[in-house]
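# Observations on the three-dimensional arrangement
The lines below spell out each chain.
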Amino acid sequence: MPPQTDTKNQSAATMQPAGAAPVRSRYFYKILAIVYKDITAELRTKEMLSAMFVFSLLVIFIFNFTFDLRTDNAATLAPGVLWVAIAFAGMLGLGRSFIVERDRGSLEGLLLAPVDRSAIYFGKFLGNVIFISVVEVGILPLFIVFFNQPLAVVPALVGVVVLGTIGFAGVGTLFSAMVVHTRARDVLLPILLFPVVVPVLLSAVRLTAGILDALPLEDIQSWLGLLITFDVIFLAASFILFEYIVEE
Amino acid sequence: MSAISSASKKPAGLINWGNGLTLASAIVIITGLYLAFIFAPPAANLRTPAEQFAQRIMYFHVGAAWVGFFAFFITFISGVLYLSKRTFYWDNLGYASVEIGLTFMTMVLITGSIWAKPTWNTWWTWSPRLTISAIGWLMYIGYLMLRGAMDDPSRRATFAAVYGIVSFISVPINFLAIRWWRDIHPAVVGSSAGEGSGGFDMSADMRTTLLFCVFAFTIFYVTLMYHRLKLGKTMHEIETVKQQILHQ
Amino acid sequence: MIKVIKLVKAFGSRVVLRNIDIDIAPGDFVTLLGVNGAGKTTLMSIIATLGRPTAGTVLIGGMDTAQHAAHIRRYIGLVSHKTLLYDDLSGEQNLQFYARMYDVPDSKARINEVLHQVGLWGRQKDPVRTYSRGMQQRLAIARAILHNPPILLLDEPDTGLDQNAASMLGDLLAAVGMNRRTVLMTTHNLERGVSLGKRVLVLDKGKIVRDAAGNTVTAAELKSTYFSQQG
């Protein structure tokens, strides 16, 4: 290799104290850097996205098929099936989220960076929300087709799906960072996560059913409030607790 | 050798906290049995003997449920205190409370089933209280599985504390969601409940019995906690001595 | 530059570091030797602000790691025995990501510079999973010095390198400007540790048992004194 001399040796030997202001302003930039990094890595192989998509497709297909036998109208089951599909596919994505950071020790690399640990949490959280959303965008049209729903419900449905995904991925990202340090790894994630996110699933299913049945907003707004409350409380709790999870 | 002898306890007399609590538990639980089976009158509006006998399970069912959720609260408090103080005591307390809470929660589910069969002619109903107990039970199991899958004691304590906090916060939201989910839930106690199937009014003596049983189960919980904490502390001391010998 | 005061680290009841005191002057090159399980990696990760001390203090440039961790991290580069890289990203993308995380100014020029220094120029567009172990370790060193840190921590930097690549480690470190950084290195290789280090520390069962200038000790002497069981 060509031995070259470093040209920037004036700053290396000294440690000038820097103010906190530039660090703060780069906080969001670094969150986006983590998201961008995760998306770039995933787009190279697309392994996880395709697995999540095929898996959620199978859930919709199998549930539709198996329930058809005992139910006159499978469409009454549609909201539940949609959310089981999203939850299972999301679980796959969340499970991978920190495993990719662990294999080469890059989680350590992230933790070494001069940024508050919460930026790492929000970066990974946003990445997870984006991945799950991409899968949802893929399965929503198929859901409409299989369960024979009108296209007019799509905008409202997207809103519910986003809120539900935020709640699911918020706690999921925290637990995902935990389970990579255990022996059971991703086997443990659903066991920890599902009991906690029951309110997300219940309110999302109720809202989805309300939208499909074209109920007025007053009938379902308490569920909307519950879902948003859950999202806010658990994002805040995860934001505070993430720091404890990642330190050695 | 000095480490071993310092860890061993001086011989305890017959009169100490542990024996005192055990005796107190025996007295209150036996009194509770007397009150539940003999003192408390049968519910006035329940017709069949099976219904009348099954109703008496309420006293222990409610007592166990109270302890089951109170233990969860203790785990939450110890989780918060562990994260701020990082001492073995709080980890031990949280762990002990989960083990004992799980035992009582299991009792809630079993007694609930036994009560439900003659009353509603089904082993299981998705009543809000029974459902939240089942979810709490699953969270306890998750907590124990998480601990079981980790080797590093300090990280295990941190993760357990975080999971204890997050799952406890989700209990009230879970309960609210489940309550709304079942619009018609079987209210078994209270003035309006008399009209519903299996409902009854509580007389003053029944109320006294119920309150006493809740008190008795709380004493029982404290007793079990005392012994479990002592056991945990001894195990910790043995581990410390083992490590000292291994790494001398 | 690096000051460790009465450092204790315990994992539960297992005490890994017992009352460690180390003072490393700016510009020094210190090697830390010890058998497996002596506590080398634990000590490194605490100095790198990844782990919290059970008791005691670590000062980096006079700042306490317990209070100013996020700020101190700017001044530290770590080469671990794992690469800390993303296999699915190219070498250049890995460096770009870390440049963003470390607020490296004029990052494009700086990335090109370090790629030349570690001899990976020309392969920077290939995914890291296609690199040999030696190339990955060179990229790991490039990653560690990307933000031009005054302190370089090398935790077993020769792990997984073949004999040829490992012997070039000294040249490689010189090429990335080791001489004006404060370096703390752990290694299994006594000869390399003694030859590279201006000062040699030996860690045994969580205690510093030897502290000597590099030219006053020989690998053979250390081996017979401290490493006899390991062979």
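Below: a short report on this structure. (Residues numbered from 1 in each chain as written. Chains lettered and ligands numbered in written order. Predicted model: local features only at pLDDT ≥ 70, side-chain atom pairs only at ≥ 80, totals over all residues. Heavy atoms only, no water.)

Residue and element names in this part refer to chain C. The side-chain alternation of strand 6 (residues 76–79) yields two buried faces, one formed by Ile76 and Leu78 and the other by Gly77 and Val79. For strand 6 and strand 7 (residues 151–155), the ladder comprises four bridges, and the chain directions are parallel. Bridge assignment links Ile76 to a residue of strand 7, and that residue is Ile151. (Buried < 20%, exposed > 50% of the residue type's maximum accessible area, 1.4 Å probe, protein only. Helix = DSSP H or I, 4+ residues; strand = E, 2+ residues; numbered from the N terminus. Pairing = 2+ DSSP bridges.)

Bringing the sheet that holds strand 10 (residues 207–213) of chain C into the picture now. Residue and element names in this part refer to chain C. Read across the sheet, six strands follow the order 6-7-8-3-9-10 without closing on themselves; strand pairing throughout is mixed. On the outer flanks of this sheet lie strand 6 and strand 10, each paired with one strand and no other. Averaged over all adjacent pairs, the angle separating strand axes in this sheet is 15°, with direction ignored. Helix-sheet contacts for helix 5 (residues 133–145) involve strand 6 and strand 7, and the interaxial angle to strand 6 is about 170°. Together, strand 3 (29–33), strand 9 (199–204) and strand 10 form the strand contacts of helix 9 (residues 219–226), whose direction differs from that of strand 10 by roughly 160°. (Axes fitted to C-alpha atoms, helices over the stretch in contact; angles between N-to-C directions. Contact = heavy atoms within 4.5 Å.)

Before going further, it helps to examine the interface of chain C and chain A. Opposite the 51 residues of chain C that make contact, chain A presents 46 residues. A combined buried area of about 4400 Å² lies between chain C and chain A, and 57% of that area is made up of carbon and sulfur atoms. Interface area lost by chain C to chain A is led by Leu50(C), Arg100(C) and Met101(C), which between them contribute 16%. Connecting chain C to chain A are four salt bridges. Of the charged contacts, one joins Asp87(C) and Arg104(A) as a salt bridge, the two residues approaching to 2.8 Å between their closest N and O atoms. Our count for the chain C to chain A interface comes out at twelve residue pairs in polar contact (both at pLDDT 80 or more). Of all the secondary-structure elements, those providing two or more residues to the side of chain C that touches chain A are helix 2 (65–72), helix 3 (91–101), helix 4 (107–117), helix 5 and helix 7 (169–175) of chain C. At five residues, the largest contribution of residues to the side of chain C that touches chain A is made by helix 3 of chain C. Here the residues of the side of chain C that touches chain A sort into 23 nonpolar, 14 polar and 14 charged. (Buried area = accessible area lost by both parts, 1.4 Å probe. Salt bridge = Lys/Arg side-chain N within 4 Å of Asp/Glu carboxyl O. Polar contact = N/O pair within 3.5 Å; in protein donor to acceptor, adjacent residues only side chain to side chain. Nonpolar A, V, L, I, M, F, W, Y, C, P; charged D, E, K, R; others polar.)

Glancing now at the packing of aromatic side chains. Residue and element names in this part refer to chain B. The final tally for this structure, using the stated rule, is 27 aromatic pairs over all chains. For the ring pair Phe72 and Tyr140, a centre distance of 4.7 Å and an interplane angle of 25° mean the geometry is stacked. Of this pair, Phe72 sits in helix 4 (residues 58–85) while Tyr140 sits in helix 6 (residues 128–148), and the two are 68 residues apart along the sequence. Tyr140 sits in the buried class, given a relative accessible area of 1%. Here Phe212 and Phe215 contribute two aromatic rings whose centre-to-centre distance is 5.9 Å and whose plane-to-plane angle is 55°, an arrangement assigned as tilted. Residue Phe212 and its partner Phe215 are located together in helix 8 (residues 204–246), separated by three residues, close to a single helical turn. (Phe/Tyr/Trp six-rings, centres within 6.5 Å; stacked < 30°, edge-to-face > 60°.)

So, on to the nonpolar core. Ranked by internal contacts, the top residues of the largest apolar core, which has 208 residues, are Phe175(A) and Leu153(C). Considering every element that reaches this core, the biggest residue donor is helix 8 (residues 188–212) of chain A, with 15 residues. Once residues within four sequence positions are removed from consideration, Leu153(C) is found in contact with Ile2(C), Met44(C), Ile47(C), Ala48(C), Ile76(C), Gly77(C), Leu78(C), Val79(C) and Leu184(C). Among the nonpolar cores identified, the runner-up in size contains eleven residues, and Val200(C), Leu222(C), Tyr226(C) and Phe227(C) belong to it. (Core = buried A, V, L, I, M, F, W, Y, C linked by side-chain atoms within 4.5 Å.)

The next subject is helix 3 (residues 47–68) of chain A. With 22 residues, helix 3 of chain A should cover 32 Å at 1.5 Å per step; its first-to-last C-alpha distance of 32 Å lies within 8% of that length. Considering only its buried residues, helix 3 of chain A is in contact with helix 2 (27–45), helix 4 (78–103) and helix 6 (117–146) of chain A. (Expected span 1.5 Å × (residues − 1).)

A word on the sheet that holds strand 1 (residues 2–11) of chain C. Residues and elements named next belong to chain C. Strands sit in the order 2-1-4-5 across an open sheet of four strands; the sheet is antiparallel. Two strands close off the open sheet at either side, each with one partner strand: strand 2 (14–24) and strand 5 (63–64). As paired strands, strand 4 (residues 55–60) and strand 5 are joined by two bridges and run antiparallel to one another. Each residue of the ladder has a partner; that of Leu59, found in strand 5, is Asp64. Contacts from helix 1 (residues 40–47) reach strand 1, strand 2 and strand 4 within the one sheet, and its direction differs from that of strand 1 by about 120°.

It is worth spelling out the packing of helix 3 of chain A against helix 6 of chain A at this point. All names here are of chain A. For the pair helix 3 and helix 6, the least separation of the axes is 9 Å and the interaxial angle reads 30°. One way to sum up the angle between helix 3 and helix 6 is to call them roughly parallel. Crossing handedness for the pair helix 3 and helix 6: right-handed. Across from Met48, Leu49, Met52, Phe53, Ser56, Leu57, Ile60, Phe61 and Asn64 in helix 3, the residues of helix 6 making contact are Phe131, Ile132, Val134, Val135, Gly138, Ile139, Leu142, Phe143 and Phe146. (Parallel < 35°, antiparallel > 145°, perpendicular 65-115°, else oblique. Left-handed = near helix turned anticlockwise from the far one by under 90°.)

Function cannot be inferred from these measures alone, as they are strictly geometric.
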